[in-house]
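Residue-level structural notes
Each chain is listed here by its residues.
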Amino acid sequence: MLDAGYLENWKYNSTYSGVPQGAVVSPILSNLVLDKLDKYVEQELIPAHTRGQRRSVYPPYRELTKAASKARKVGKLAEARKLNQQAQSIPSRDPNDPNFRRLWYTRYASDFLLGVVGSKSAALDIKQKIATFLRDELKLELSDEKTLVTHARNEAAKFLGYDIHILHADDKHDHRGQRCINGSVGLRIPKSVIKDHCVKYMRTGSPIHLTQRVNDDAYSIVSQYQAEYRGIVQYYRMAYNLHTLSKLKRVMELSLVKTLAKKFKTTCQKIYKRYRTTIDTKDGTYKVLQVTVERDLKKPLITYFGGVALRWNKWVEIDDNQVSKIWNGRSEVVQRLLAQECETCGATDNIEVHHIRKLADLKQKRCFERPEWMFKMSARRRKTLMVCRQCHEKIQYGRYDGDALKRQDYRKAT
């Protein structure tokens, strides 16, 4: 049984540490509070639900293996093989051994997971004890909506973005001919995770370009896509169905190609022809989209999309030391300013920077027809716009495109 508890919606009693009910508590206080829960589970619940060294042999399994051994000794190989096959379809150890009990516990922030070797009634009893401890000792309420008690082999518990369940396959054997994965804990990528990540790069069911990235240079665009894809793959590296992320890779690749095609005003086929190449990595040879930026007296900047192996590795270590940098943000503001070109009319003299407080200011109330400069800043998701002196004055005083932008004019229109 698996009991996954999530304490995201806590209800604080006003008698605890002087915190009013419904108040937001800092993460430091939360860790101090939940440390008491850790000690309660580890010092009281786990010892109370742990007994026995190993499960006893399952009697039906013992009878079948003994019968197969006797048949083999008298030369009845076909009968022995049939008996062994029957034995391979049932557990070798008693799954309901009353003398064997275990309780495992792990917690990350406010999410915790309990693994119980026992009956469902035992799991419900543990849940009730934890709920009582949280309510009486820590003045917290266990969310019933986000707490799941389920059989780990038939269903899965969600924990930190993974589906966690118990593997079972009688047809999986090791080099000795013995079943090798039954009873092991399996980590799986939920289907909803892949769907939610794909939606970020799709519209109406198909991959689409990202308008907010079109104005970045090609190196930044490819680096951004690669960093997002690598991060997802690296996080789910311990999932045995990691290969299902190939769908996400395809969606992101098409979105990347369409974004580059939009930037350079060309076709996707020409983008593939320009940037497609083959690279050799420690995991093999891959076809990738590679961008190279030549620099004087320095090594060229090279980035690519793809080249990440979708191989399951349950012993993987997180690699945060990535040498690839994403050159966007402030550096591109400087480049745009040094270009000395108005981004609205194309003038090349007296270039200035028009800056707004926040992007939400572009969505003015009662504004039915927004001017072109607002659309450009919204599409780029940038709070700066490089304009000439004349355009800047028109924008500043609400005369750009000949449409008055003053609020009293909007009131008159309504």
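Our subject is the structure that appears above.
Residues numbered from 1 in each chain as written. Predicted model: local features only at pLDDT ≥ 70, side-chain atom pairs only at ≥ 80, totals over all residues. Heavy atoms only, no water.

Re the pairing of strand 3 (residues 111-117)
With 7 of its 7 residues buried, strand 3 lies for the most part within the structure. If you look at the hairpin formed by strand 2 (residues 102-108) and strand 3, you'll find 2 residues sitting between the two strands, and alanine 109 has a positive phi there, around 55°. (Buried < 20%, exposed > 50% of the residue type's maximum accessible area, 1.4 Å probe, protein only. Helix = DSSP H or I, 4+ residues; strand = E, 2+ residues; numbered from the N terminus. Pairing = 2+ DSSP bridges.)

Observations regarding the nonpolar core
Of all hydrophobic cores here, the largest spans 38 residues; its most connected members are Ile189, Tyr225, Leu245, Leu256 and Leu260. Broken down by element, the residue count for this core peaks at 8 residues, all from helix 6 (residues 218-235). Dropping the residues within four chain positions of it, leucine 260 is found in contact with Ala218, Ile221, Val222, Ile271 and Tyr275. (Core = buried A, V, L, I, M, F, W, Y, C linked by side-chain atoms within 4.5 Å. Contact = heavy atoms within 4.5 Å.)

Looking at the pattern of salt bridges
Taken as a whole and judged by the stated rule, the model has 13 salt bridges. The partner of lysine 129 in a salt bridge is aspartate 125, and the shortest N-O contact between them spans 3.4 Å. One end of the pair, lysine 129, and the other, aspartate 125, are both in helix 4 (residues 120-136), 4 residues apart, so they sit about a helical turn from each other. The class for lysine 129 is partly exposed, based on a relative accessible area of 32%. Looking at aspartate 125, the relative accessible area reads 34%, which means it is partly exposed. Two residues, aspartate 174 and arginine 176, come together in a salt bridge whose shortest N-O distance is 2.9 Å. Judged by relative accessible area, which is 21%, aspartate 174 ranks as partly exposed. Linked through salt bridges whose partners overlap, the residues forming this network are Lys249, Arg250, Glu253 and Arg276. (Salt bridge = Lys/Arg side-chain N within 4 Å of Asp/Glu carboxyl O.)

A look at the sheet that holds strand 11 (residues 284-293)
Spatially, the 3 strands line up as an open sheet ordered 10-11-12, and their pairing is antiparallel. Here the strands that pair on one side only, and so sit at the sheet edges, are strand 10 (276-281) and strand 12 (301-305). Averaged over all adjacent pairs, the angle separating strand axes in this sheet is 55°, with direction ignored. As judged from the 5 bridges shared by strand 11 and strand 12, these two strands associate in the antiparallel manner. Paired with leucine 289 across the strands is phenylalanine 305, a residue of strand 12. Each of strand 11 and strand 12 touches helix 6; the most contacted strand, strand 12, lies at about 50° to it. Across the sheet, helix 8 (residues 268-275) is in contact with strand 10 and strand 11; its angle to strand 10 comes to roughly 40°. (Axes fitted to C-alpha atoms, helices over the stretch in contact; angles between N-to-C directions.)

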